[in-house]
Structures are given as structure tokens and as C-alpha cells.
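Listed below are the residues making up each chain.
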Amino acid sequence: MKNRFTLVTVLSLISMLLFGAVAFAAGVPDFTQLGFPKVVAEKKIEAGEAAKISHSGIKIDIPSGAFNNGVKFQVLEGDNDNFQANAPSGQTVIMNFAFRVLDSKTNEIIGKFNKPLMFSFKDKDVNQWSIYNNVTTDGTIAPNQVPAVIDGRTLTHGIGGAPVGWVITSPTNSIKK
């Protein structure tokens, strides 16, 4: 188990490097305006503090030092049906989420984290063929370049910043009714 999280951490660092520049080149998007309008979990985190957030199968582990200032960390969701139209053929959206992290001093949205967060999602429809996808600001859905780790019914992925939203899909023929 330790090796799995080490691999996810290394892969998330690569992901942070790949997507970090995008967030700052285009400004940090407010995903409440881009298909993820519902705040489903929120936590105030002091500068340097570690935290855990969970909601309906989601667990987010935030390491100490992830943020230089205090933040209001929000987990956002939209309607899966709205994302389904852009999902890859033969895939069904089983979960969607985005983050909005607001600096407590400036109220600006933070798009890059000092240390990657660990995201996990446990659900009956997660399986070895599930895909962790990015959702860009124009609604395009594409597999994340760093695949998620899937262990049974739990999908885990490191997240180094919030320049995109995410959807998790599974093959339509594998969805439990």
C-alpha cells in the first residue's frame, strides 16, 4: 500500500508540472461558473495545516504545507447528466468534481498547491476500467495524462492544482443497476 501512494505522489507531481503552467497562463477558473455549481463540502484550513475532507465516497487528504496562507477549500459538483454529453463513447460518468480554493487574505482563487493532495473515490461502479478524466473550461473531457490507481472499488489520484475539473467514468456495460 505504501508503494501505491508513493507512485501516486510521484505521478501527481508530474501532473502538477504539466497542468500548473496552464492554470496561471489563463488565470484560475471559477468552476462554480463552469458546470460545477454545488458546494458539497467546505473546510477552512490554516496556513501550513494538514486537513481531511470527505463527502459521499470522496476523501481528500491535504498535507501540511499545501498552502502558504489560510484557505477556504471547497469541493464542487455538478450534474453527471450535463457531463455525459461530452463523455467518451461507451463510458458513463459516475462522478464529477472540481475545487475552488480561496485565499483567506486576498479571496483570490488558488490554482496550484505547494504539495499534491490525495483524492480518492470509493463507489460500486469504480472498476479496473474506470477512467479519471480532466474537464477543461470549455467542457472538453479527456483522460488525465497520469492514470489513477484503482484498488478494488477505490480510485486514487494525486492532485497538484485546480486548473481543470474532473469526471470519473466507467464502461457503460459495467455500471451496476
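Our subject is the structure listed above.
Residues numbered from 1 in each chain as written. Predicted model: local features only at pLDDT ≥ 70, side-chain atom pairs only at ≥ 80, totals over all residues. Heavy atoms only, no water.

Turning our attention to the sheet that holds strand β2 (residues 51–55). Backbone-to-backbone hydrogen bonds join strands into a sheet, with any given pair of strands oriented parallel or antiparallel. The strand order across the open sheet built from five strands is β2-β3-β6-β10-β9, with neighbouring strands paired in antiparallel fashion. Each having just a single partner strand, β2 and β9 (149–151) make up the two edges of the open sheet. Each strand of the sheet is rotated relative to its neighbour by a mean of 20°, with strand direction disregarded. In the sheet, β9 pairs with strand β10 (residues 154–161) via three bridges, with the strands oriented antiparallel. The partner of Val149 across the bridge, within β10, is Thr156. (Pairing = 2+ DSSP bridges. Helix = DSSP H or I, 4+ residues; strand = E, 2+ residues; numbered from the N terminus. Axes fitted to C-alpha atoms, helices over the stretch in contact; angles between N-to-C directions.)

By size, the foremost hydrophobic cluster in this structure holds 30 residues, and its most contacted members are Ile60, Ile62, Phe67, Phe73, Phe99, Phe113 and Phe119. Every element with two or more residues in this core is listed here: β1 (38–45), β2, β3 (58–62), β4 (71–77), β5 (91–103), β6 (112–122), β10 and β11 (165–171). The element contributing the most residues to this core is β5, with five residues. Not counting residues within four places of it along the chain, the set of residues in contact with Phe119 comprises Ile58, Lys59, Ile60, Phe97, Tyr132, Leu155, Thr156, His157, Ile159 and Ile168. Ranked by size, the runner-up nonpolar core spans 10 residues in total, among them Ala87, Ala98, Ile141 and Val167. (Core = buried A, V, L, I, M, F, W, Y, C linked by side-chain atoms within 4.5 Å. Buried < 20%, exposed > 50% of the residue type's maximum accessible area, 1.4 Å probe, protein only. Contact = heavy atoms within 4.5 Å.)

The next thing to look at is the packing of aromatic side chains. Aromatic rings considered in pairs are described by the distance between their centres and by the relative angle of their planes. With the rule as written, the count across this model stands at 12 aromatic pairs. Between Phe36 and Phe83, the aromatic rings sit 4.8 Å apart at their centres with planes inclined by 35°, giving tilted as the arrangement. You can see Phe36 sitting in the loop between α1 (2–25) and β1 and its partner Phe83 sitting in helix α2 (residues 80–84), a full 47 residues away along the chain. When its relative accessible area of 0% is taken as the criterion, Phe36 is described as buried. When its relative accessible area of 6% is taken as the criterion, Phe83 is described as buried. Taken together, Phe67, Phe73, Phe97, Phe99, Phe113, Phe119, Tyr132 and Trp166 form an aromatic cluster joined through their ring pairs. (Phe/Tyr/Trp six-rings, centres within 6.5 Å; stacked < 30°, edge-to-face > 60°.)

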